[in-house]
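Residue strings, one per chain:
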Amino acid sequence: MIRVGVAGAAGRMGQAVCAAVEAADDLVLAARADPALGVELADILGDVDVVVDFTVPETALDNARACVRAGVHVVVGTTGWDPAQLTGESGGGNVFVAPNFAIGAVLMMQFAAQASKYMTKAEIIELHHDRKVDAPSGTAARTAALMDGEVPIHSVRLPGLVAHQEVILGDVGQTLTIRHDSTDRTSFMPGVLLAIRRVGSLTESPLVGLEHLL
Ligand SMILES: NC(=O)c1ccc[n+]([C@@H]2O[C@H](COP(=O)([O-])OP(=O)(O)OC[C@H]3O[C@@H](n4cnc5c(N)ncnc54)[C@H](O)[C@@H]3O)[C@@H](O)[C@H]2O)c1
């Protein structure tokens, strides 16, 4: 049994992760950390094997460092920070980061990267709910980084949306649109559970991108 702690447990994603961990036979939800619950991450590190972090950009790096130094593996879904800042961090815990845990979004990124080798120009439109704090989204930034050429990103924030992205590629007399929609936060949970099960056996850390675990 893997003992899991969730940082950001009171948030939208954190609540979904807690429910998914509780429903998994091989995982135990050992602790929930969140200022909204009055529990600090430091208070739970002695009681867990893996931390899942869905918090805010300002705290993701410090949280990951605290986990690594405590010898606790950490799966980070928080976006809007740079995992490269963890390179060389030692202490025993592994770090796995994914800007998007939905399998369809991972495929969208791979298809977009492939298509960008053959079409002249591309732009990304990412659309999210209006309480998302970072822009552009981590998924859009990661997609652009994987694609050939400069890829401008346009961000839309509206109530009613969850997480959506279109990659539009243009060439002479034609366009190609690749679109992914997460209509519910359960779309991210199979990827999160996979990462929890695999983070302890990574040979590289920090490792970024769910595609490395598929
Ligand atoms: N990787 C993915 O697949 C994916 C999918 C959806 C959202 N996200 C990202 O996940 C993050 C969280 O999104 P959300 O919609 O759940 O946000 P949210 O605002 O609903 O929840 C964030 C929670 O983190 C808590 N928090 C703040 N500082 C903390 C700390 N130091 N320790 C512990 N908890 C702390 C807040 O109190 C809040 O409850 C965002 O960065 C978002 O972009 C990633």
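See the structure printed just above.
Residues numbered from 1 in each chain as written. Predicted model: local features only at pLDDT ≥ 70, side-chain atom pairs only at ≥ 80, totals over all residues. Heavy atoms only, no water.

> Would you mind showing me how to read the sheet that holds strand β6 (residues 121–128) here?
Strands belonging to one sheet form pairs held by backbone hydrogen bonds; the direction of such a pair is parallel or antiparallel. Strand order in this open sheet of four strands is β7-β6-β8-β9, and the pairing throughout is mixed. Two strands bound the open sheet, and with one partner strand each, they are β7 (153–157) and β9 (174–182). For this sheet, the mean angle separating the axes of adjacent strands, direction not counted, is 15°. Here strand β8 (residues 163–171) pairs with β9 via nine bridges, running antiparallel. Counterpart to Glu166 in the pairing with β9 is Arg179. (Pairing = 2+ DSSP bridges. Helix = DSSP H or I, 4+ residues; strand = E, 2+ residues; numbered from the N terminus. Axes fitted to C-alpha atoms, helices over the stretch in contact; angles between N-to-C directions.)

> Just checking my understanding: could you explain the nonpolar core for this structure?
Side chains that are nonpolar tend, in soluble globular proteins, to be buried together. Judged by nonpolar contacts, the single largest core of 49 residues is most densely connected at Val75, Phe96, Phe101 and Ile196. Dropping the residues within four chain positions of it, Ile196 is found in contact with Ile2, Val4, Val21, Leu27, Val50, Val52 and Val75. Listed in part, the 20 residues of the second largest apolar core include Ala33, Leu45, Val74 and Val97. (Core = buried A, V, L, I, M, F, W, Y, C linked by side-chain atoms within 4.5 Å. Buried < 20%, exposed > 50% of the residue type's maximum accessible area, 1.4 Å probe, protein only. Contact = heavy atoms within 4.5 Å.)

> Would you take a moment to explain the environment of Arg69 for this structure?
Mapped onto the elements of the fold, Arg69 is located in helix α3 (residues 57–69). Here Arg69 falls in the exposed class, since its relative accessible area comes to 57%. Residues Arg69 and Phe96, spaced 27 residues apart in sequence, show a C-alpha to C-alpha distance of 15 Å. Setting aside chain neighbours within four positions, we find Arg69 in contact with Glu89, Ser90 and Gly91.

> It is not clear to me how the sheet that holds strand β3 (residues 50–53) should be interpreted in this structure. Could you clarify?
Sheet architecture is open: six strands sit in the order β2-β1-β3-β4-β5-β10, paired in parallel fashion. In this open sheet, the two edge strands, each paired with only one partner strand, are β2 (27–33) and β10 (207–208). Direction of pairing for β3 relative to strand β4 (residues 73–76): parallel, over a ladder of four bridges. What sits directly across from Val52, in β4, is Val75. Strands in contact with helix α1 (residues 12–23) are β1 (2–7), β2 and β3; relative to β2, the strand with the most contacts, it is inclined by about 155°.

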